[in-house]
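Residue-level structure breakdown
These are the residues of each chain, in order.
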Amino acid sequence: VAQIPVVTISAPTADQVFAISSVDVTFSATGSPTGYECALDGGTASACTSTKTYTGLPDGEHTVVVSATNTAGTANSSVTFKVDTTGPQVAITSPVDGATTGESVALDFTATDATTSVTGTTCKLDADAATPCTSGETYSGLTPGSHTLLVTATDAAGNTGQASTTFTVAQIPVVTISAPTADQV
């Protein structure tokens, strides 16, 4: 007596994130299936074999349903994954590009990703090495002149996005008192 198939999708795994728009779906089933059908995102199911490749997938969440049929009936399994080929959006709100500042500045920025989460940010001042940072980071003791801050954000798929701002630290005026002298009353 035949048993209804048990479908197993081995790839992709649930909630897996891809930085490319092509995904291979690998599956198998018990019960000696006579055929398989695959459907993407609620679309029409069509005959398929393992490994089924989907190309040109847009960024976002996708679900594949794999059905296996034998003389006992039909069973299916599904997997949901994400495609994210676009880097995060980074916006620096302070210091604004072209600003004149004092020797200390607070770097304020936002980093968002439309498909997955932002997993980290780094900041780079001028030619210094990039280091992990968060919005609100303060840079002190800056020398007079032009400086550039670069913020890089990375998302769960490994994509990056950047923004930079260039600002000028003002020369601090030196005040000299020539008269009266300290000894004069």
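As shown above, the structure is provided for reference.
Residues numbered from 1 in each chain as written. Predicted model: local features only at pLDDT ≥ 70, side-chain atom pairs only at ≥ 80, totals over all residues. Heavy atoms only, no water.

Things to note about the overall build of the protein
Here is the rule: Helix and strand assignments come from DSSP, with helices taken as H or I runs of at least 4 residues and strands as E runs of at least 2, each series counted from the N terminus. Throughout, radius of gyration means the C-alpha value; the globule benchmark is 2.2 Å times the number of residues raised to the power 0.38. The buried label goes to any residue with under 20% of its type's maximum accessible area, the exposed label to any with over 50%, and the partly exposed label to all in between, with areas taken from a 1.4 Å probe on protein chains only. In what follows, residue pairs with any heavy atoms lying within 4.5 Å of each other are defined as contacts. To be clear on the numbers: accessible area is Shrake-Rupley with a 1.4 Å probe, and residue cover counts the displayed protein chains and nothing else.
Along the protein, the regular secondary structure elements total zero helices and 16 strands. Relative to a compact globule of 185 residues, whose C-alpha radius of gyration would be 16 Å, the protein shows 29 Å and is clearly more extended. The principal-axis extent of the C-alpha atoms belonging to the protein is close to 115 × 25 × 25 Å. Expressed as a percentage of the 185 residues in the protein, the buried residues total 32%. Contacts in the protein between residues far apart in sequence, at least 24 positions, make up 61% of those at least 6 positions apart. Carbon and sulfur atoms make up 52% of the accessible area of the protein, which amounts to about 10400 Å² in all.

Structural notes on the side chain of Asn70
Cut-off, in case you're wondering: Nitrogen and oxygen atoms within 3.5 Å of one another constitute a polar contact, given that in protein one can donate a hydrogen and the other can accept it, and given that sequence-neighbouring residues count only through two side-chain atoms.
Locating Asn70 in the fold gives a position in strand β7 (residues 60-70). On the basis of relative accessibility, which here comes to 7%, the residue Asn70 falls in the buried class. Among the polar contacts listed, one links the side chain of Asn70 to the backbone nitrogen of Ala72, at a separation of 2.8 Å. Excluding residues that lie within four positions of it along the chain, Asn70 makes contacts with Gln3, Ile4, Pro5, Gly31, Ser32, Pro33 and Thr34.

A few points about the sheet that holds strand β14 (residues 137-139)
Where we set the bar: In short, DSSP must find at least two bridges between two strands for them to pair. Only the stretch in contact is used when a helix axis is fitted, and all axes are lines through C-alpha atoms; the angle between N-to-C directions ranges over 0 to 180 degrees.
Here we have three strands laid out as an open sheet, ordered β9-β11-β14, and antiparallel in their pairing. In the strand order of this sheet, the two ends are held by β9 (89-94) and β14, each with one partner. The sheet shows a mean angle of 30° between the axes of neighbouring strands, direction not considered. Pairing of β9 with strand β11 (residues 105-112) involves five bridges; the strand directions are antiparallel. In the sheet register, Gln89 faces β11, and the bridge partner there is Thr112.

Considering the side chain of Asp155
We apply this condition: In this tally, Lys and Arg are treated as positive and Asp and Glu as negative; His is ignored, and so are the chain termini. Definition used for salt bridges: Asp or Glu carboxyl oxygen within 4 Å of a side-chain nitrogen of Lys or Arg.
Its location among the elements puts Asp155 in strand β15 (residues 145-155). No salt bridge forms around the buried Asp155; measuring N to O, its nearest opposite-charge neighbour Lys82 is 11 Å away. When neighbours within four sequence positions are excluded, Asp155 is seen to be in contact with Asp84, Thr86, Gly87, Pro88, Asp113, Thr116, Ser117, Val118 and Thr119.

A word on the environment of Thr168
One can find Thr168 in strand β16 (residues 160-169). With near-sequence residues (within four places) excluded, Thr168 lies in contact with Ala99, Thr100, Thr101, Gly145 and Ser146.

Some thoughts on the environment of Cys123
Among the structural elements, Cys123 can be located in strand β12 (residues 118-125). With a relative accessible area of 2%, Cys123 lands in the buried category. Each C-alpha atom, one on Cys123 and one on Cys133, is 5.9 Å from the other, the two residues being ten residues apart in sequence. Those residues in contact with Cys123 that sit more than four places away from it in its chain are Leu107, Phe109, Ala129, Ala130, Thr131, Cys133, Tyr139, Leu150 and Val151.

Note that every value here comes from positions in space, so none of it alone points to a role or purpose.
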